Amino acid sequence: MSHAAAATHDHAAAHDHGPTSFWTKYIFSQDHKIIGIQFMLMSFLFMILGGFLAMMVRWQLAYPDSAVPMASLFPKGVLEEGHITPPVYNQLFTMHGTIMIFFVIIPMLTGAFGNYLIPLMIGARDMAFPKLNMLSYWVFIPAGIIMLYSFFVPQGPAAAGWTNYPPLSYDPQWTGVGKGQTLWLVALLISGTSSIMGSLNYITTIVNMRAPGMSFFRLPLSIWALFVTAILQMMATPVLASALGMLLLDKTLGTHFFAPTGGGQVILWQHVFWFYSHPAVYIMILPAMGFASDVIATFARKPIFGYKAMAYSMMGIAGLGFIVWGHHMFQSGMNPTLGTAFMMSTMLIAVPSAIKTFNWLGTIWRGNIQFTTAMLNGLAFVAMFIIGGLSGIFMANAPVDLYIHDTYFIVAHLHYVLFGGSMFGIFAAVYYWFPKMFGRRMNEAVGKIHFTLTFIFYNMTFFPMHFIGAGGMMRRIYDPTQYEFLKKWQPMNVFISHSAFMLGASQLIFMALFVYSMFKGKKADRNPWHANSLEWVADSPPPHGNFDQIPTVHRGPYEYSSPETKEDYYPQNAPSALPAGAPARVH
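Now for a description of the structure that goes with this document. Nothing here was measured: the structure is a model prediction, and the numbers come from that model.

This next bit is on the overall build of the protein chain. Within the protein chain, the secondary structure is distributed over 18 helices and two strands. The C-alpha atoms of the protein chain give a radius of gyration of 24 Å, which matches the 25 Å a tight globule of 587 residues would have. Just so you have it, the protein chain exposes about 23,500 Å², and 69% of that area is on carbon and sulfur atoms. Between the mean site of the 30 positive side-chain charges and the mean site of the 23 negative ones, the protein chain shows a separation of 7 Å.

Let us look at the pattern of salt bridges. With the rule as written, the count across this model stands at seven salt bridges. For R526, the salt bridge goes to D548, with nearest N and O atoms at 4.0 Å. In this pair, R526 sits in the segment after β2 (522-523) while D548 sits in the segment after β2, placing the two residues 22 residues apart along the sequence. Residue R526 is classed as partly exposed on the basis of its relative accessible area of 37%.

On to the side chain of N527, then. Mapped onto the fold, N527 is located in the segment after β2. With relative accessibility at 13%, the residue N527 sits in the buried group. Reaching out from N527, the side chain makes a polar contact with the backbone nitrogen of A531 at a distance of 2.8 Å. Apart from the residues lying within four places of it in its own chain, the contact partners of N527 are W536 and Y569.

With that out of the way, let us pick up unusual backbone geometry. A cis amide bond links P166 to the next residue, P167, at an omega of 5 degrees. Relative to the assigned elements, P167 resides in the loop between α5 (130-149) and α6 (172-175). With an omega dihedral of -5 degrees, the bond running from S540 to P541 counts as a cis peptide bond. Structurally, the position occupied by P541 is in the segment after β2. Not every positive phi belongs to a glycine, and R301 is a case in point at roughly 55 degrees. By the secondary structure assignment, R301 is in the loop between α10 (286-300) and α11 (307-321). Phi at R476 takes a positive value of approximately 65 degrees, unusual for a residue other than glycine. You can see R476 is positioned in the loop between α17 (444-470) and α18 (490-520). Under the relative-accessibility criterion, R476 is labelled partly exposed at 29%.

We now examine the packing of aromatic side chains. When we look at a pair of aromatic rings, we describe it by the centre distance and by the angle of the planes. According to the stated counting rule, one finds 59 aromatic pairs in the structure shown. Relative to F227, the ring of W224 lies with its centre 6.3 Å away and its plane at 75 degrees, an arrangement referred to as edge-to-face. You can see W224 and its partner F227 sitting in helix α8 (residues 221-252), three residues apart, about one turn around the helix. In terms of burial, W224 and F227 fall into one category: buried. The interplanar angle of 45 degrees and the centroid separation of 5.7 Å between the aromatic rings of F275 and F322 together place this pair among those described as tilted. Residue F275 is found in helix α9 (residues 266-283), and its partner F322 is found in the loop between α11 and α12 (336-348); the two are separated by 47 residues along the sequence.

This part covers the packing of helix α4 (residues 86-122) against helix α7 (residues 179-208). Between two packed helices, both the angle of their axes relative to each other and the distance between the axes serve to describe the pair. At their nearest, the axes of α4 and α7 sit 11 Å apart, and the two run at 20 degrees to each other. Accordingly, the angle class assigned to the pair α4 and α7 is roughly parallel. The handedness of the crossing between α4 and α7 is left-handed. Counting all contacts with α4, which are made through M95, T98, F102, F103, T110, G111, G114, N115, I118 and I122, the residues of α7 involved are W184, L188, S191, Y202, T205 and I206. The class makeup of the residues in the contact of α4 with α7 is nine nonpolar, seven polar and no charged.

Analysis parameters
Residues numbered from 1 in each chain as written. Predicted model: local features only at pLDDT ≥ 70, side-chain atom pairs only at ≥ 80, totals over all residues. Heavy atoms only, no water. Helix = DSSP H or I, 4+ residues; strand = E, 2+ residues; numbered from the N terminus. Rg over C-alpha atoms; globule rule 2.2 N^0.38 Å. Areas by Shrake-Rupley, 256 points an atom, 1.4 Å probe, with all protein chains shown as cover. Lys, Arg positive; Asp, Glu negative; His and termini not counted. Charge placed at Lys NZ, Arg CZ, Asp CG, Glu CD. Salt bridge = Lys/Arg side-chain N within 4 Å of Asp/Glu carboxyl O. Buried < 20%, exposed > 50% of the residue type's maximum accessible area, 1.4 Å probe, protein only. Polar contact = N/O pair within 3.5 Å; in protein donor to acceptor, adjacent residues only side chain to side chain. Contact = heavy atoms within 4.5 Å. Phe/Tyr/Trp six-rings, centres within 6.5 Å; stacked < 30°, edge-to-face > 60°. Axes fitted to C-alpha atoms, helices over the stretch in contact; angles between N-to-C directions. Parallel < 35°, antiparallel > 145°, perpendicular 65-115°, else oblique. Left-handed = near helix turned anticlockwise from the far one by under 90°. Nonpolar A, V, L, I, M, F, W, Y, C, P; charged D, E, K, R; others polar.

Shown next as structure tokens:
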């Protein structure tokens, strides 16, 4: 497209005021911002359900002989005289893991923030394919409905764990669940289709629609993270879809991909499932790394330390993530030489992860730190990621992993990465970009109360799990008091459960603050944090088409405390403050 044609196109786009009817503006919207908010609100609803299921699990572990409080409120037949039965317990932890991973964390990080931020931060008016973008959301909805519907079919929802290993998953005699297990497969197949649509759009938009002057190494790290994540989703999700499809055929048409009785291999599922699911761990953490980088640089008022190293590290983590799936299968009887290869390659991931950690610390070092709620959550993300990353090294080591496999040590590690990492990253992003999304600010005092309670109760919930896991307590166990060697850990189980209940209650503060601030929060101006990246050039909230004029980019997004300007920030679109011909002195 010529410059003249591009200018004409942009002029026309700038005067396109978008849809005017309620249905096309807010329901079947093609605007990336509305679609992002739709993903966010839907993920919050699923988070309530996933959190409630976790509370049920913790009640059972703390008080295995006691009836659930307010059991009369549950649908008839779910509980037995108010007690959680073993089959129901299996369904609780299965659906908790499934919902939190596939319907909360992934859609929140990539669906919500990917949609909202990518066009704004690269200086585009919308996604490359707005209709495909709308379709990706409306394909996600039936996936969620089918997953919810599975709670109401005979025998209830899936009960084979979020990993859905055969033969548990394909033969109802092992779990007592038939139709619910099939619906689980169908829902994830549809959800995966939504993810592939979204990632195709993200990659195309970032490659082709960047504003003039926005080279790849002027992209904010949030965009780098979403770009790398989209590539992971494009390459890994079809592999999961193939596994889901094969298992669905086993269950419905009687094929034997995973059935040993017909010549199938149960281990094949583990290979294919983890080929997706280990990269999926990075799908759930890389965007949070990008958000934390933007938040930390903004509130440290310093350039990000080692920008290119941070970008290359994300690429390194993603690349290595594809060759380490076998470390989830050390117990499967694999050749020790192969296990050693998986062990060494997994440990290599510590290198780019450590680079990122040191660079975050280097950014904070001697910065003019502003302890906003977003910054506190960003710092918590770094701290929790360090703990989760360090415990991951234990699991990468095959001899150690053989001892701690399928214990609560794994549960602790998983939650330090996916709750401590992803959720604190999500909270940081919500508090940071809320003024841009809704044109209003969240109350800082209430936000800090929410952060403090979440940080305390989160660590009280998950850190002790390392001890009971090392003590031998198995994950997915129904009643630990049945085992003599676990009885000594029961007081700690009660402590963990009480902490979890308080952690869950703390999120009610966040939900109330979020909803209140949407309508009653203090009005925000365009750039309340004095940040540099392009989304802060647009109005708050941005109109249809985002910008009055597509901005021209002159520098990277982290030029804080630059000697070229009097202010301590230097927006990407601001012309140089130096006299013409003078050499740039930016960092």
